[in-house]
Amino acid sequence: MNSSSADTIVVLDFETSGISPDHGDRAIEIGAVMLRQGVTVDRFQSLMNPEIRISSFIEEYTGISNRMVQTAPRAAEVMRKFALFIGNKPLVAHNASFDRRFLDAEFRRIGVRRRQEFGCSMLTARRVYPEAPNHKLETLVRYKSLDTDGTFHRALADAEMTARLWLRMSEDLQRRYGLPDISFELMCGLMRVAKNRVDHYCLQRVEHPRRT
């Protein structure tokens, strides 16, 4: 398999009641896809009851209603299961700083501490596709003609799209630079490289494949 073949990673997405857990916002749905050697081998999805009321804006934006979360498992129960699901595997999300904040906040509530690194498909896409109209997930899915049923702003659907984008970026990097394999570490390193250093960074990996 040619895309991140050395890695098992978990690609995740949260739907939330707002934009900041520091202001009392909570996760209301989580979706995740586990990739092994570039193939989906497992999925995780659940609504969760945050025990707070969701605004009408969030209900309309996500399609997740107060009634839906009121009958869902409590957030703590879902997050304990999710902690077991991911183990110590590396994580990926689109605009990962957002999902990382909510994951860490929900984990703190159950006494769990995340230790693995987070890759960001949005930051990586800025280096792989600088010519894209913008780097929103929906835009990139259309820009690269990735398979989609048109569902966005639901956790599992967005995680699936992010996983497909991550794999497509890996494939495009392999073709562009002749890299034998694209590791999670290389992708994370790329998102921290300046725009004018991308070619240099990738070509160095052809000459010295152990570098990250």
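Procedures and definitions
Residues numbered from 1 in each chain as written. Predicted model: local features only at pLDDT ≥ 70, side-chain atom pairs only at ≥ 80, totals over all residues. Heavy atoms only, no water. Helix = DSSP H or I, 4+ residues; strand = E, 2+ residues; numbered from the N terminus. Rg over C-alpha atoms; globule rule 2.2 N^0.38 Å. Buried < 20%, exposed > 50% of the residue type's maximum accessible area, 1.4 Å probe, protein only. Contact = heavy atoms within 4.5 Å. Areas by Shrake-Rupley, 256 points an atom, 1.4 Å probe, with all protein chains shown as cover. Lys, Arg positive; Asp, Glu negative; His and termini not counted. Charge placed at Lys NZ, Arg CZ, Asp CG, Glu CD. Phe/Tyr/Trp six-rings, centres within 6.5 Å; stacked < 30°, edge-to-face > 60°. Pairing = 2+ DSSP bridges. Core = buried A, V, L, I, M, F, W, Y, C linked by side-chain atoms within 4.5 Å. Axes fitted to C-alpha atoms, helices over the stretch in contact; angles between N-to-C directions.

**Some points on the overall build of the chain**
Assigned secondary structure in the chain consists of nine helices and five strands. Listing every helix and strand of the chain by position from the N terminus yields β-β-β-α-α-α-β-α-β-α-α-α-α-α. For 212 residues, the compact-globule estimate of 2.2 N^0.38 gives 17 Å, and the C-alpha radius of gyration of the chain, at 17 Å, lies within 12% of that figure. Counting only C-alpha atoms, the chain reaches 55 × 35 × 30 Å along its principal axes. By residue count, 53% of the 212 residues in the chain fall in the buried class. Partitioning the contacts of the chain with sequence separation of at least 6, the portion at a separation of at least 24 is 65%. Split by element, the accessible area of the chain, about 10,700 Å² in all, is 46% carbon and sulfur. Looking at the chain, you have 32 positive and 27 negative side-chain charges, and the mean spots of the two groups are 4 Å apart.

**Section: the packing of aromatic side chains**
Using the criterion set out here, one finds seven aromatic pairs in the structure. Arranged with centres 5.0 Å apart and planes meeting at 45°, the rings of Phe98 and Phe102 form a pair that is tilted. Note that Phe98 and Phe102 are positioned in helix α4 (residues 96-109) at a spacing of four residues, about one turn of the helix. For Phe98, a relative accessible area of 17% corresponds to the buried category. On the basis of relative accessibility, which here comes to 0%, the residue Phe102 falls in the buried class. Clustering of aromatic rings is evident, with ring pairs tying together Phe44, Phe82 and Phe85.

**Things to note about unusual backbone geometry**
The backbone of Gln37 sits at a positive phi, close to 50°, despite the residue not being glycine. Structurally, the position occupied by Gln37 is in the loop between β2 (27-36) and β3 (39-47). The class of Gln37 is partly exposed, set by a relative accessible area of 47%. A positive phi angle is found at Glu51, which is not glycine, with a value near 60°. Looking at the secondary structure, you find Glu51 in the loop between β3 and α1 (56-62). Look at Glu51 and you get exposed, because its relative accessible area is 55%.

**So, the pairing of β3**
Here eight bridges tie β2 to β3, and the two strands are oriented antiparallel to one another. Across the sheet, residue Val33 finds its bridge partner in β3, namely Arg43. Taken together, β2 and the strand that follows it, β3, pair antiparallel across an intervening segment of two residues, in which Gln37 is found at a positive phi of about 50°.

**Structural notes on the nonpolar core**
Grouped together as the largest cluster of nonpolar side chains are 62 residues, with contacts concentrated most on Leu12, Phe14, Phe82 and Leu103. At nine residues, the largest contribution of residues to this core is made by helix α7 (residues 155-177). Leu103 has contacts with Leu12, Phe14, Met79, Phe82, Leu91, Arg114 and Phe118, leaving out every residue within four places of it along the chain. In this structure, Ile28, Leu47, Val69 and Ala72 belong to the second largest nonpolar core, which totals seven residues.

**So, the sheet that holds β2**
A sheet is described by the order of its strands in space; here five strands give the open sequence β3-β2-β1-β4-β5, paired in mixed fashion. Single-partner strands in this sheet number two, and they are β3 and β5 (118-120). Looking at each pair of strands side by side, their axes are set apart by 25° on average, direction ignored. Along the sheet, helix α3 (residues 75-86) makes contact with β1 (8-16), β2, β3 and β4 (91-93), crossing β3 at roughly 170°. Lying over the sheet, helix α5 (residues 121-128) contacts β4 and β5, oriented at roughly 45° with respect to β5.

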